[in-house]
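# Structure at a glance
Residues per chain are reported as follows:
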Amino acid sequence: MSTISLLTDFGDKDNFTGLVKAVIAKINACAKIIDLCHKIQPQAIDQAAFLLKHSFAYFPKKTIHLVVVDPGVGSKRKIILVKTKDYFFLAPDNGILWPTLKKQKIEKIIAVTNSDFFLNPVSDTFAGRDAFAPVAAHLSLGIEMQKFGKKMSKIKKMNLPRPRKIEEELIGKILYTDHFGNLITNIDKNTFFNFTKNYSFKIHFSGKMIDKISHNYLKKNKNTLKAIFGSFGNVEIALAEGSAEKFLSAKKDAVVRITRR
Amino acid sequence: MSTISLLTDFGDKDNFTGLVKAVIAKINACAKIIDLCHKIQPQAIDQAAFLLKHSFAYFPKKTIHLVVVDPGVGSKRKIILVKTKDYFFLAPDNGILWPTLKKQKIEKIIAVTNSDFFLNPVSDTFAGRDAFAPVAAHLSLGIEMQKFGKKMSKIKKMNLPRPRKIEEELIGKILYTDHFGNLITNIDKNTFFNFTKNYSFKIHFSGKMIDKISHNYLKKNKNTLKAIFGSFGNVEIALAEGSAEKFLSAKKDAVVRITRR
Amino acid sequence: MSTISLLTDFGDKDNFTGLVKAVIAKINACAKIIDLCHKIQPQAIDQAAFLLKHSFAYFPKKTIHLVVVDPGVGSKRKIILVKTKDYFFLAPDNGILWPTLKKQKIEKIIAVTNSDFFLNPVSDTFAGRDAFAPVAAHLSLGIEMQKFGKKMSKIKKMNLPRPRKIEEELIGKILYTDHFGNLITNIDKNTFFNFTKNYSFKIHFSGKMIDKISHNYLKKNKNTLKAIFGSFGNVEIALAEGSAEKFLSAKKDAVVRITRR
């Protein structure tokens, strides 16, 4: 059984995701589809890239990761199909795959151009239904990658912002806020411990200070801010049993500073 | 493998859709369920009819389209099961199927009354779980349509608003707004080109004017409004890389006028 | 085919539910997953307990009900696996299963501790992905319950509020509000009729009075409030063809009084 994961900015107000699934089922009734996320902010390539990077490896080997956050739909932007040792990735060539793929060995890249595998006609606005879905479905049937178009040698790059060390501070930012209002920084565990080593440290954010890493969200006192290594493996700012996002009126891209004594 | 599509106004706050799927799985563990949309506005029959009309044909043949937008639940409104050459449709007889079926050859209509196929008891408020789901599941097992009730000869009609030509103007309206804030009119491609022919044209909406058809959403300048044939095949008013709905504070039913020179 | 139901407070903004499904699919590609609900308010154990109690029995026998509303994630709270005659339940031991299980015969309770069945490492914040999902998946493969940990004799209790009879009044409260704005009380059909018997009755709520039970939501007049036995089997306060929640600005825990003449 082939697995296809879906990561889009389609939301759930409309029939968009339903039609992608319908088109896939019509071509390969046995494909198993897993919704990774459809609530990427419209056109937020960086957000999708972040979620994909932290998600793809949890899926069964040979999963086809279909990513449709595609501000350039209808334009001449390419559709790319990439194979690594364990996974396939199908997405617009807008940088969205770069954070996931930059440290992996890429076995093959195809620019998808063969309209034999598209619906006919292809609309100007819904390549997800008319091009991405049927290509993913045919790929899941075992059709060879070369049939979909021509080989390419590289994909578009786009880097997520990295924390910087400036003098004696580690400067990061909020990359993502989750449903619970946890504020996920771009500071991963390694970077954090390479900086803090055995020193004591202070995490400065939004006028508040946190001086330890917690291991759960339970509160002892009212309005306790915590720093915790969350499910993305990065430092998160959390409000114990509440929403740090609401409590601090915090936003994506806000700066987090770490100092050590 | 049988496919059942679900189109409802259940939202996703509750256990409603989950229970429909549970009931189906209990009767036919092999039925494949595809969520078409659950975010129809409560009781918005016209909106569901619009989405169904533009969606049903993308599904595998023999799909059972289960549509539960049912303001009359608990009353004497009929439940109907309709077969066309390629699909089954199961819905309340409130007009919701009419825009989809009016141009198709209907092979059979059944008024679903046989409570042997319902859960027992049937609640007053949740026919989706207690009647529609088990009927769809039994149908997906191959039970003959006649077993579910008696033949009928026609279904309730309900037409979606059509554009009108008044003197030298084509007058349409916004039928639907999507997740991206695109404003979908009721003016389809044929109607548009039959009216504009080889003339130049102007699309008037909300105090703005657009004089060409675009093929993508990319912006050249700030706040560029575009007209585009969207995924429904109709003229859409879009804001390049933004939400026309928010930019124009536009609403369903707002008037769109097209003039030609 | 094994069925796993998912009931969580994950929302749908993130990749959380997608990753739970990915982890399950990687271990058991044939497990069938049904989303019961993911929009439980963050950490609202009582709300999840209410939905589970009114949902579990609609699922196929042998379904594994996976419930992850887990304010104590990362702390020493137990993960429990419970078997009844017809179902399995996997959840944190925080009382969430009690309303469902208190009237059922429990065949076995296991405290899940065997990390051989967890992902490695287990994060502090996402036991749903790292512990619950792989345990549910392995269980769906037929692994014996004892392999996951040690037997326990009882689970944590948590009761949902019951209506009380005080002098000649039955005093209940709003337990839950649904997507349509229906206000679901904690007064079930039996309790209602045991109190009202053959008397006439009045339902008092939010300064309004209702003196009969309706069987549908259709309106005769504007702003008609109705009492109806809804899909949970309890008395609901509904606004005919509208939202009682909005009309009355009503909230969870608001008091409902029933008097008889």
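Heads up: the structure comes first, above all this text.
Everything numeric in this text was worked out from a predicted model, so none of it was measured.

### Observations regarding the relation of the copies chain B and chain C
When chain B is fitted to chain C, the residual RMSD is 0.0 Å, and the transformation amounts to a turn of 120 degrees plus an axial shift of 0.0 Å. Taken together, the rotation and translation relating the two chain copies correspond to the operation of a three-fold axis. Interface overlap between copies is the fraction of interface residues in one copy that are interface residues in the other; for chain B against chain C it is only 3%, indicating separate surfaces.

### Overview of the interface of chain B and chain C
Facing the 30 residues of chain B at the interface are 32 residues of chain C. Both sides of the chain B and chain C interface together cover about 2600 Å² of buried area, and 57% of this is carbon and sulfur. Summed over the shared surface of chain B and chain C, the result is one salt bridge. Between B:D12 and C:K39 there is a salt bridge; the shortest N-O distance is 3.0 Å. At the boundary of chain B and chain C, one finds 15 residue pairs in polar contact (both at pLDDT 80 or more). Broken down by element, the residue count for the side of chain B that touches chain C peaks at eight residues, all from helix α1 (residues 16-27) of chain B. Taken together, the residues of the side of chain B that touches chain C break down into 14 nonpolar, eight polar and eight charged.

### A look at the relation of the copies chain A and chain B
Laying chain A over chain B is done by rotating through 120 degrees and shifting 0.0 Å along the axis; what remains is an RMSD of 0.0 Å. In this assembly the copies use different faces: only 3% of the residues contributing to the interface of chain A also contribute to that of chain B.

### Observations concerning the sheet that holds strand β3 (residues 64-68) of chain A
Within a beta sheet, neighbouring strands are joined by backbone hydrogen bonds and run either parallel or antiparallel to one another. All names here are of chain A. Read from one edge to the other, the open sheet built from seven strands follows the order β2-β1-β3-β5-β4-β6-β7, with strand pairing classed as mixed. In this open sheet, the two strands that pair with only one neighbour each are β2 (32-37) and β7 (149-151). Across this sheet, the average inter-strand angle for adjacent strands is 20 degrees, counted without regard to direction. The sheet contacts of helix α1 (residues 16-27) involve β1 (3-8) and β2, and relative to β1 the element is tilted by about 155 degrees.

### What about the packing of aromatic side chains?
All names here are of chain A. The final tally for this structure, using the stated rule, is 45 aromatic pairs over all chains. Ring geometry for Y87 versus F89: centroids 6.5 Å apart, planes at 65 degrees, classification edge-to-face. As far as burial versus exposure is concerned, Y87 and F89 are alike and both buried. Ring centres of F193 and F229 lie 5.6 Å apart, and the angle between their planes is 40 degrees; on these two criteria the pair is classed as tilted. Placement of F193 in helix α5 (residues 189-196) and of F229 in strand β14 (residues 225-229) is noted, with a sequence separation of 36 residues between them. The exposure class of F193 is partly exposed, given its relative accessible area of 41%. Accessibility expressed as a relative area gives 6% for F229, which makes it buried. Here the guanidinium or amino end of K189 rests over the ring plane of F229, the centre of that ring lying 5.3 Å away.

So, how was this worked out
- Residues numbered from 1 in each chain as written.
- Chains lettered and ligands numbered in written order.
- Predicted model: local features only at pLDDT ≥ 70, side-chain atom pairs only at ≥ 80, totals over all residues.
- Heavy atoms only, no water.
- Least-squares fit on C-alpha atoms with pLDDT ≥ 70 in both.
- Contact = heavy atoms within 4.5 Å.
- Buried area = accessible area lost by both parts, 1.4 Å probe.
- Salt bridge = Lys/Arg side-chain N within 4 Å of Asp/Glu carboxyl O.
- Polar contact = N/O pair within 3.5 Å; in protein donor to acceptor, adjacent residues only side chain to side chain.
- Helix = DSSP H or I, 4+ residues; strand = E, 2+ residues; numbered from the N terminus.
- Nonpolar A, V, L, I, M, F, W, Y, C, P; charged D, E, K, R; others polar.
- Pairing = 2+ DSSP bridges.
- Axes fitted to C-alpha atoms, helices over the stretch in contact; angles between N-to-C directions.
- Phe/Tyr/Trp six-rings, centres within 6.5 Å; stacked < 30°, edge-to-face > 60°.
- Buried < 20%, exposed > 50% of the residue type's maximum accessible area, 1.4 Å probe, protein only.
- Lys NZ or Arg CZ within 6 Å of the ring centre and 35° of its normal.

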